[in-house]
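These are the residues of each chain, in order.
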Amino acid sequence: VTSYVGREPNPNLLAKSREKYPEAIFTDKLPEEYFDFVFASGVFNLKDYQWKKITYETLETMFEKCRLGMAVNFLSSLTRFSKKYDPSNFQTKNY
């Protein structure tokens, strides 16, 4: 990674991000530039009634802003199950 630009609309988290990673650029606005890769991790855990609209719009914007690829996950502590997964229980397959 040669540079990092992060978007954070929450003013408190924006300040903490800038403090923790001073070498990165953090903004509360959507950057105008385009990027090789765009990532989003755990940002779609919305309780808003418009969660689907917000999620789709965000994914569309991410796709428009990336030149090579994008990756997202939907990690959330708002799941309906409480089973904890132990990574050591997963086996890899050799192909």
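Scroll up for the structure.
Rules and cut-offs
- Here the residue index of a chain counts from 1 through its sequence in written order.
- Thresholds applied to this predicted model are a pLDDT of at least 70 for local features of residues and 80 or more for the giving and counting of side-chain atom pairs; totals over whole chains, interfaces and linings are not thresholded and use all residues.
- Hydrogens and waters are ignored; side-chain quantities use all the structure's heavy atoms.
- By convention, a stacked pair of Phe, Tyr or Trp rings (six-membered ring in the case of Trp) has centres within 6.5 Å and planes under 30 degrees apart, an edge-to-face pair has planes over 60 apart, and any other such pair is tilted.
- Put simply, a charge is over a ring when the Lys NZ or the Arg CZ is close to the ring centre, within 6 Å, and near the line of the ring normal, within 35 degrees.
- Secondary structure elements follow DSSP: runs of H or I of four or more residues count as helices, runs of E of two or more count as strands, with numbering from the N terminus.
- Only heavy atoms matter for contacts: two residues are in contact if any of them lie within 4.5 Å across the pair.
- Think of a polar contact as two N or O atoms within 3.5 Å of one another; within protein, one of them needs to be a possible hydrogen donor and the other a possible acceptor, and neighboring residues in sequence only count if both atoms come from side chains.
- Joining through side-chain atoms within 4.5 Å is the link that ties buried Ala, Val, Leu, Ile, Met, Phe, Trp, Tyr and Cys residues into a set, and such a set is a nonpolar core.
- Any residue under 20% of the maximum accessible area for its type is buried, any over 50% is exposed, and the rest in between are partly exposed; the area is computed with a 1.4 Å probe on protein chains only.
- Pairing between strands is defined by DSSP: at least two bridges between them are needed.
- With the strands aimed away from the viewer, a crossover counts as right-handed if its path from the first strand over the helix to the second runs clockwise.
- Any Lys or Arg side-chain nitrogen located within 4 Å of an Asp or Glu carboxyl oxygen qualifies as a salt bridge.
- Each helix should span, by expectation, one fewer than its residue count multiplied by 1.5 Å.
- The arc in question is the one spanned by the directions pointing from the helix axis to the C-beta atoms.

Sorry, what's going on with the packing of aromatic side chains here?
Any pair of aromatic rings gets described here by the distance separating the centres and the angle formed by the planes. The full count for this structure, using the stated rule, is 3 aromatic pairs. Note that lysine 65 overlies the ring of tyrosine 34, its terminal NZ or CZ placed 4.8 Å from the centroid.

Looking at this structure, I do not really get the environment of aspartate 36. What am I missing?
Tracing the backbone through its elements, the reader meets aspartate 36 in strand β3 (residues 35-41). For the pair aspartate 36 and leucine 68, spaced 32 residues apart in the sequence, the C-alpha separation amounts to 5.0 Å. Every residue in contact with aspartate 36, bar those within four places of it in the chain, is listed here: Cys66, Arg67, Leu68 and Gly69. A polar side-chain atom of aspartate 36 sits 3.2 Å from a polar atom in the side chain of arginine 67.

Would you take a moment to explain the nonpolar core for this structure?
Across soluble globular proteins, nonpolar side chains have a tendency to be buried as a group. Ranked by size, the top nonpolar core spans 6 residues in total: Phe35, Val38, Ala40, Phe44, Met62 and Cys66. In terms of residue count, β3 provides more of this core than any other element does, 3 residues in total. In contact with methionine 62, other than residues within four places in its own chain, are Val38, Phe39, Ala40, Phe44, Met70, Ala71 and Val72.

Please clarify how the pairing of strand β4 (residues 66-73) should be interpreted in this entry.
Put simply, side chains in a regular strand alternate between the two faces of the sheet. Looking at chain direction, β3 and β4 are connected through 6 bridges and run parallel. The partner of serine 41 across the bridge, within β4, is asparagine 73. Handedness of the crossover joining β3 and β4 through helix α2 (residues 51-65) is recorded here as right-handed.

Hey, could you run me through the pattern of salt bridges in this one?
Oppositely charged side chains can form a pair if their charged atoms are brought close together. The final tally for this structure, using the stated rule, is 3 salt bridges. The residue lysine 29 makes a salt bridge to aspartate 28 at a minimum N-O spacing of 3.6 Å. A relative accessible area of 55% places lysine 29 in the exposed class. Aspartate 28 gets classed as partly exposed once you look at its relative accessible area, which sits at 37%. Here glutamate 57 and lysine 53 are joined by a salt bridge, their closest N and O atoms 2.8 Å apart. A residue pair is termed a helical-turn pair when its members lie 3 or 4 positions apart in one helix, as glutamate 57 and lysine 53 do in helix α2 at 4 residues. A relative accessible area of 39% places glutamate 57 in the partly exposed class. Its relative accessible area of 46% is what places lysine 53 among the partly exposed residues.

Please explain α2 as it appears in this structure.
One full turn of an α-helix is made of 3.6 residues, so residues set three or four places apart face in the same direction. An ideal rise of 1.5 Å per residue puts 21 Å on 15 residues; α2 measures up with 21 Å between its terminal C-alpha atoms. Within α2, burial applies to Thr55, Met62 and Lys65. Angularly, the buried residues of α2 cover 100 degrees about the axis, an arc narrow enough to put them on a single face. Among the exposed residues of α2, those oriented more than 90 degrees off its buried face are Glu60, Phe63 and Glu64. Summarising the contacts, the buried residues of α2 are in contact with β3 and β4.

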